[in-house]
Amino acid sequence: MEHRILVFDGNQRASLAAVRSLGSKSLWVAVGETKIDSLAGSSRFCSRQIMYSDPFQSPRDFFDDTLLQIENLGITFLLPITEATTYVLLKYRAELPETVILPFPDTSIVEKVANKNELFSLALAQGVPVPETIVCHNIQEGRKALELHDSFPLVLKPYKSKILLDQTIVSTQVIIAKSKDEAITALATHEFFDFPFTLQTYVKGQGQGIFALFDRGRPVCFFAHRRIREKPPGGGVSVLSESAPIDEKLKISAEKLLRHVQWHGVAMVEFRVTDDGIGYLMEINPRFWGSLQLAIDSGVDFPWLLYLVSTGQEIPAVRWHHRRLRWLLGDLDRLYLVLQAPLSTYSLKEKIFDTLRFFVPGFHTRHEVNRWEDPGPFWFELKQYLRAIKD
């Protein structure tokens, strides 16, 4: 059976990577967004662009729109990219036609890894290192815990980055408090602390991720990368990254957790690794990640492999190669921030060096969006970029 695929969140670069991956295999791929035009929808590998209701403003309307597109276009495979669309589809998955594949395990399993409070308990039981953690169910419990806590900085971490309610989706954020007063102020300022969260000891180290695909509890492949440049420069989204050897200790921890819950599909397992080599679990995201195109370029084609796993087809051998990936317009933004920053932030040497590095991307570097064989997405992105500058 040849499936007809709907990729959601068309303005995400990971969506573009998925569309290019699947469309290049001669699969029929539609792209959805809250507007009819989108980054991924501009790809020559997109067969149809559709528009749906904003899941943040009306989750139920978004799902009803999806059902309508399934019926009208004969969609048989759904591929959400962000947590928002993922959680809505999982909430109402029982209403999906039996012919439609949603490549995730049972919703209760997703909750075990996506809910950080449950995840940290699971990790402790499995012997996976986690920061010292205090679980709080509301602001009152948080305030009481802070009265007894004198070690800072302290991390205030909501149990989910996106909290799905009946009529809306609440976006949250992790907050690092440098003092007790800052922590108390954060609790009073942000309404999402009305929902469960944790207080965690701040772990000083380097963030590292393990990207994985599992087939009903069995690992299919793993991947890792290293961030070279980020926007903003002090830490943010990757604008230049490269594939890297997998840290075996982190892989063992990630595999232990995902095997235990019988995971199915892709997952991004985030750690913070200290100078002494201990990898502390930060979170598990049940979705594709921003630098997905890097994995594909490096020989680990996650969207295609996920499709094969989900449709019961044979999985080819997977071997990764060293590659670099550059998001050109993001890197341009980063360069601007570096050049505009005062010398107290970056030395003149750093500013000049960063400028030179911008024009010399390096060996085996490919551009994430702008590609000769598929130029439409770059022109779409460039128009949006220039419009934002003008506004």
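Above this note sits the structure.
Residues numbered from 1 in each chain as written. Predicted model: local features only at pLDDT ≥ 70, side-chain atom pairs only at ≥ 80, totals over all residues. Heavy atoms only, no water.

Colleague: Before we go on, may I ask you to explain the nonpolar core in this structure?
Modeller: Generally speaking, soluble globular proteins have nonpolar side chains that are buried together. Judged by nonpolar contacts, the single largest core of 49 residues is most densely connected at Leu78, Leu258, Trp263, Leu281 and Ile284. Top element by residues in this core is helix 3 (residues 83-91). It accounts for five residues. Apart from residues lying up to four places away in sequence, tryptophan 263 is in contact with Pro105, Ile109, Val110, Val113, Phe214, Asp215, Arg216, Gly217, Leu258 and Pro286. In this structure, Leu22, Ala295, Leu308 and Val369 belong to the second largest nonpolar core, which totals 46 residues. (Core = buried A, V, L, I, M, F, W, Y, C linked by side-chain atoms within 4.5 Å. Buried < 20%, exposed > 50% of the residue type's maximum accessible area, 1.4 Å probe, protein only. Helix = DSSP H or I, 4+ residues; strand = E, 2+ residues; numbered from the N terminus. Contact = heavy atoms within 4.5 Å.)

Colleague: I would appreciate a short explanation of the sheet that holds strand 6 (residues 154-158) in the present structure.
Modeller: For sheets, the rule is that strands pair by backbone hydrogen bonds, running either parallel or antiparallel. Here four strands make up an open sheet; going across it, the order is 5-10-6-9 and the pairing antiparallel. Every interior strand has two partners, whereas the edge strands, strand 5 (133-136) and strand 9 (175-177), have only one. Geometrically, the sheet is characterised by an average inter-axis angle of 20° between neighbouring strands, direction not taken into account. With three bridges connecting them, strand 6 and strand 9 associate as antiparallel partners. Its bridge partner lying in strand 9, leucine 156 is registered against isoleucine 175. Of the strands in this sheet, strand 5, strand 6 and strand 10 (197-201) touch helix 5 (residues 116-125), which is tilted by about 50° from strand 10. (Pairing = 2+ DSSP bridges. Axes fitted to C-alpha atoms, helices over the stretch in contact; angles between N-to-C directions.)

Colleague: When you look at the packing of helix 11 (residues 328-340) against helix 13 (residues 376-390) in this model, what are you seeing that I'm missing?
Modeller: Helix packing geometry: the angle between the two helix axes and the distance between the axes. Relative orientation of the contacting elements helix 11 and helix 13 amounts to 30°, with a least axis distance of 10 Å. The angle between the axes of helix 11 and helix 13 places the two elements in the roughly parallel class. Contacts between helix 11 and helix 13 pair Leu328, Leu329, Leu332 and Asp333 from the former with Phe378, Glu381, Leu382 and Tyr385 from the latter. (Parallel < 35°, antiparallel > 145°, perpendicular 65-115°, else oblique.)

Colleague: Got a minute to help me understand the sheet that holds strand 2 (residues 28-33) in this structure?
Modeller: Read from one edge to the other, the open sheet built from four strands follows the order 3-2-1-4, with strand pairing classed as parallel. Two strands in the sheet have a free side with no partner beyond their single neighbour: strand 3 (48-51) and strand 4 (77-79). With strand direction ignored, the average angle separating the axes of adjacent strands in the sheet is 25°. Packing against the sheet, helix 1 (residues 13-23) makes contact with strand 1 (4-7), strand 2 and strand 4, and its axis sits at approximately 165° to strand 2.

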